[in-house]
Amino acid sequence: VLETEGGDHEYLILWDPALQQDNSIVLVGEVLYSQEKGWYGRVVHCCNLIETLPSGKKRMMRTTDQLDAVKEMILKYNGSAPEYEKVGLNIDAGSGGGGRHYGEELFGGWISSDGQKHRGLIDLSDPVYKEKQCNFPLAVDKLRLLEPSRVRTKAFEAMGDLISQDLIQFPSFSADKKTIILDDKIINLNSSEIRSLAEIDLLKEEITSLIKTKGSNGNIKYGLPPDKIRRMHDDRAYCLALFALHI
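Cut-offs applied
Residues numbered from 1 in each chain as written. Predicted model: local features only at pLDDT ≥ 70, side-chain atom pairs only at ≥ 80, totals over all residues. Heavy atoms only, no water. Helix = DSSP H or I, 4+ residues; strand = E, 2+ residues; numbered from the N terminus. Buried < 20%, exposed > 50% of the residue type's maximum accessible area, 1.4 Å probe, protein only. Contact = heavy atoms within 4.5 Å. Core = buried A, V, L, I, M, F, W, Y, C linked by side-chain atoms within 4.5 Å. Axes fitted to C-alpha atoms, helices over the stretch in contact; angles between N-to-C directions. Parallel < 35°, antiparallel > 145°, perpendicular 65-115°, else oblique. Nonpolar A, V, L, I, M, F, W, Y, C, P; charged D, E, K, R; others polar. Disulfide = S-S within 2.5 Å. Polar contact = N/O pair within 3.5 Å; in protein donor to acceptor, adjacent residues only side chain to side chain.

*Asks:* Explain the side chain of E199 here, please?
*Replies:* Tracing the chain through its elements places E199 in helix α5 (residues 191-209). E199 sits in the buried class, given a relative accessible area of 14%. In this structure E199 touches I25, C46, C47, N48 and R236, once residues within four positions along its chain are discounted.

In structure tokens, the structure reads:
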């Protein structure tokens, strides 16, 4: 699902950005509620903000291009609803990926490629930004800048709990990954949707590779085992963990 499905659908965009190294992962989840299950989630999209150079090598997008791509996703998943009634954005604010910088760039709003002006987003749960709200009176409180030192362990614990209770749903696709099964119908996928499913496949691989360790100080950590840490990433799993924490 690369844009809103309309109606009452509500989405949360989770972004674990990067400046030069690593991946810059964006995960989109639909937030759902039922009387039987309570709150639960559905993974609808995942992408890596990289570009292919003329040489064929893949490199991180420029910071401005990454931000523009996320802005476009915000508008697509909000659809025609009032800004930003149907979408929220959570960004990993760790210093290495520049997440706090990206978030602050959204406070003042922007003009989209079609020439339309859009309100900004702000994180009013942060006392510093709450004091600055007067400088951005039109910004909507639908942004959260999350410090990994405070939320990472809780987020992975929440992810484990929700997955064990079947409260996070993933797309069901065919063996050739060119079609998807939706409401008992087989739907052919375009190239963007196929890439999204490939990223979701990598997400599942990351989830199953994570281990839980306990340090000498008693602190719990979640991460990749030593034999996989050099050839795998956990960015996608971390975005899903942030989604689980929100739910």
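*Asks:* I keep staring at the nonpolar core and nothing clicks. Help me out?
*Replies:* Formed by 36 residues in total, the largest nonpolar core has its most connected members in L14, L27, F156, M159, L240 and L242. Elements supplying a minimum of two residues to this core: β1 (11-16), β2 (25-34), β3 (38-48), α4 (148-164), α5 and α6 (235-246). If you tally residues by element for this core, the top one is α6, at 8 residues. Formed by 32 residues, the second largest nonpolar core is a distinct cluster that contains I13, M61, Y84 and L121.

*Asks:* Could you clarify how one ought to interpret the packing of α5 against α6 in this entry?
*Replies:* Geometrically, a packed helix pair is captured by the angle between its two axes and the distance between the axes. It is the contact of α5 with α6, at a shortest axis distance of 8 Å, that shows an interaxial angle of 85°. Considering their axes alone, α5 and α6 lie roughly perpendicular with respect to each other. Residue-level inspection shows E199, L202, L203, E206 and I207 of α5 in contact with α6, the latter providing D235, R236, A237 and L240. Grouping the amino acids of the contact of α5 with α6 by side-chain chemistry returns 5 nonpolar, no polar and 4 charged.

*Asks:* Would you explain the state of the cysteines in this entry?
*Replies:* A covalent bond between the sulfur atoms of two cysteines is referred to as a disulfide. Taken as a whole and assessed by the stated rule, the structure comprises 0 disulfides. Not engaged in a disulfide, the cysteine C239 finds its nearest cysteine sulfur in C46; these two sulfurs lie 6.9 Å apart. Judged by relative accessible area, which is 0%, C239 ranks as buried.

*Asks:* Hey, could you run me through the side chain of S196 in this one?
*Replies:* Tracing the backbone shows S196 in helix α5. Judged by relative accessible area, which is 5%, S196 ranks as buried. Of note is the side chain of S196, whose polar atom sits 2.7 Å from the side chain of H45. Once you skip the residues sitting within four places of it in the chain, S196 turns out to touch L2, V44, H45 and C46.

*Asks:* Can you help me understand the environment of I186 in this one?
*Replies:* Counting through the fold element by element, I186 comes out in strand β13 (residues 185-188). Linking I186 and S216, residues 30 residues apart in sequence, is a C-alpha distance of 51 Å. If we ignore the near neighbours within four places in the chain, the residues touching I186 are T179 and I180.

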